[in-house]
Amino acid sequence: ENQPQFVYWGWFSNGYYHAVLGALQGMTPVQIYDRVADTLWDTLKAQWVFWIPVQLLNFKFVPLRHQLNLVLVVSLVWTTFLSISFPPPKVGITEEKKGEGK
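Rules of the game
Residues numbered from 1 in each chain as written. Predicted model: local features only at pLDDT ≥ 70, side-chain atom pairs only at ≥ 80, totals over all residues. Heavy atoms only, no water. Core = buried A, V, L, I, M, F, W, Y, C linked by side-chain atoms within 4.5 Å. Buried < 20%, exposed > 50% of the residue type's maximum accessible area, 1.4 Å probe, protein only. Helix = DSSP H or I, 4+ residues; strand = E, 2+ residues; numbered from the N terminus. Contact = heavy atoms within 4.5 Å. Patch = residues over 30% accessible without salt bridge, like charges linked within 9 Å, V, L, I, M, F, W, Y side chains within 5 Å. Areas by Shrake-Rupley, 256 points an atom, 1.4 Å probe, with all protein chains shown as cover. Salt bridge = Lys/Arg side-chain N within 4 Å of Asp/Glu carboxyl O.

What about the nonpolar core?
Reasoning step 1: Judged by nonpolar contacts, Trp 51, Val 54, Val 71, Val 74, Trp 78, Leu 82 and Phe 86 together constitute the single largest core of 7 residues.
Reasoning step 2: Counting only elements with at least two residues in this core, the list comes to helix H2 (29-61) and helix H3 (64-85).
Reasoning step 3: Here the element with the most residues in this core is H3; it accounts for 4 residues.
Reasoning step 4: With sequence-adjacent residues up to four places away left out, Leu 82 is seen in contact with Tyr 17 and Thr 43.

Section: a nonpolar patch on the surface
Reasoning step 1: Among the surface-exposed residues, Tyr 8, Trp 9, Phe 12, Tyr 16, Val 20 and Leu 24 lie close enough to one another that they form a single nonpolar patch of about 700 Å² accessible area.
Reasoning step 2: Structurally, Leu 24 can be placed in helix H1 (residues 3-24).
Reasoning step 3: Residue Leu 24 is classed as exposed on the basis of its relative accessible area of 69%.

Here it is as C-alpha cells:
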C-alpha cells in the first residue's frame with residue numbers, strides 16, 4: 001500500500017523543492033526546468049541514501065510518540081544538506097553600487 005508513495009513522492013517533492021528555489025532565485029522558467037532536470041536524479045539518490053537508514057533506525061529504536069520529533073529535527077539537517085549541495089548559481093555584479101565613493 002505504501003510502496004507507490006515511496007516511488008513518486010521523492011520525484012514530486014524534490015522537483016518541487018528545486019523549482020521553487022529556482023523561482024525564488026529569479027530564474028526563468030527555462031532555467032528552472034534545466035535546474036530540476038540537472039539535479040533531480042542526484043537529489044533522489046541522496047534522499048534514498050539519507051532517509052532510508054534514518055527511517056529504519058527511527059522505526060526500530062525511537063518510541064512512537066517521539067518519531068515525528070526525530071523526523072522534524074532530521075529534516076533540518078536534510079534541508080541544510082540540500083542548500084549546501086545545490087547552491088544558487090554565481091551571479092556576476094553588473095552594476096556598481098550607487099553612491100560608492102561619495
